[in-house]
Amino acid sequence: MTIVEQNRKGKGFQWADPLTKGAGLELKQVGAELHISGLLPLYETNAGPSDLVRQYEVARKHLTIGQQRTGKKSPHIRFANADTDDKLIAFSQQFGPVVAKYVYDNYQVPEPGLPEPRWPPRLTAHQDIQELRNERLIYRAALTLVMDLARPNFDFLAAQHCIGEIAAKMSDWPRQWEREQSESKREPSWKLKPESLERIEGLSSGSPGLMLPPNLDGRIVICELLNVFRSTIYPNLSEMHSSIRYGIRPLLYSLLRREFLYPREVAVCANDQCREFFEVERAGQQFCSAECSLHQRQRDYWKKRGKKLREKRVKKQSKAGR
Ligand SMILES: [Zn+2]
């Protein structure tokens, strides 16, 4: 996989570098859009925090050497868990747009008041917030499928629900493809074939084939989804960067591909009010954090004992009120 190999060379593969070292990318919310800016990466120094694949590997390493509380740090987990705009904004500020509707640099659109463009080039993308939310929902459903496919007890109906969610939101991808092609004047690095979308839509309803394994539909959908973002080799860094100029979605799916091919244990937190994904750090771990474990135990206790305690208190109060 090219993306991985490039990463191994230590040069990184990011959408942009922050304008100020150590800070995030510049991000402004403008109406229903996020305007994200950074420096076009020259890949001269080692990959920084805005390198999604590198951050995935760093999180992996910490997990392997047993650092506590790293189970939710990996970018693929973070994106799937980003259930609020604030979390999506924080994610975009670190890694760049997921799917941009408009991208330009200061060589194409000169900055006002400057006699000549600044170097290194400044890249700006406009990310539609609703599209970002939809991408998160597709990714969450896909990660759930990948997680369930690695389990012995496969739940056909739960998987079908995920497939339905993927099909519904993915139906916007052909429009996004047309947009990227007309904006960038070249064929995007990704492509959703009409028959793939039809196949996924078809699998979002119906009953399991009698003679077929129950998880087959899930496997088909994940393969169709991952094959939208095929791995390609590029002769130079600038062509490689152009494959993610309109968003880092291909990188997010390269992580999902790794999770599918080399499954690691991912679970959903057993705290009813959390339900976030986390990577399992020790066998049998049910909660993403000590706090969640404590809160759930307190709630369970309150459920069991609370009724009695409340009754007692009401009695006491009514006595005192007499
Ligand atoms: Zn939790």
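Residues numbered from 1 in each chain as written. Predicted model: local features only at pLDDT ≥ 70, side-chain atom pairs only at ≥ 80, totals over all residues. Heavy atoms only, no water.

A. Quick peek at the sheet that holds strand E1 (residues 26-30). With antiparallel pairing, the 4 strands of this open sheet are ordered in space as E1-E2-E4-E3. Only two strands of the sheet have a single neighbouring strand rather than two, namely E1 and strand E3 (102-105). Sheet twist, expressed as the average angle between the axes of neighbouring strands with direction ignored, equals 15 degrees. In this sheet, strand E4 (residues 122-128) lies alongside E3 in antiparallel orientation, the contact comprising 4 bridges. Within the sheet, the bridge partner assigned to Asp105 lies in E4 and is Leu123. Each of E1 and strand E2 (33-39) is contacted by helix H4 (residues 85-95), which is oriented at about 140 degrees to E1, the strand it contacts most. Together, E1, E2 and E4 form the strand contacts of helix H5 (residues 129-149), whose direction differs from that of E4 by roughly 75 degrees. (Pairing = 2+ DSSP bridges. Helix = DSSP H or I, 4+ residues; strand = E, 2+ residues; numbered from the N terminus. Axes fitted to C-alpha atoms, helices over the stretch in contact; angles between N-to-C directions. Contact = heavy atoms within 4.5 Å.)

B. Inspection of empty space enclosed by the protein at higher detail. If you walk through the whole model with that rule in mind, you get 3 cavities of 30 Å³ or more. As a volume, the second largest cavity reaches approximately 60 Å³. Taken together, Val98, Val99, Glu180, Trp190, Phe229, Ser243, Ile244, Arg245, Tyr246, Gly247, Arg249 and Pro250 make up the full set of residues lining the second largest cavity. (1 Å grid on protein atoms, 1.4 Å probe; cavity = no way out; pocket = protein on both sides within 12 Å on 5 of 7 lines; lining within 4 Å. Points joined across faces, edges and corners; volume = space filled by probe spheres on them.)

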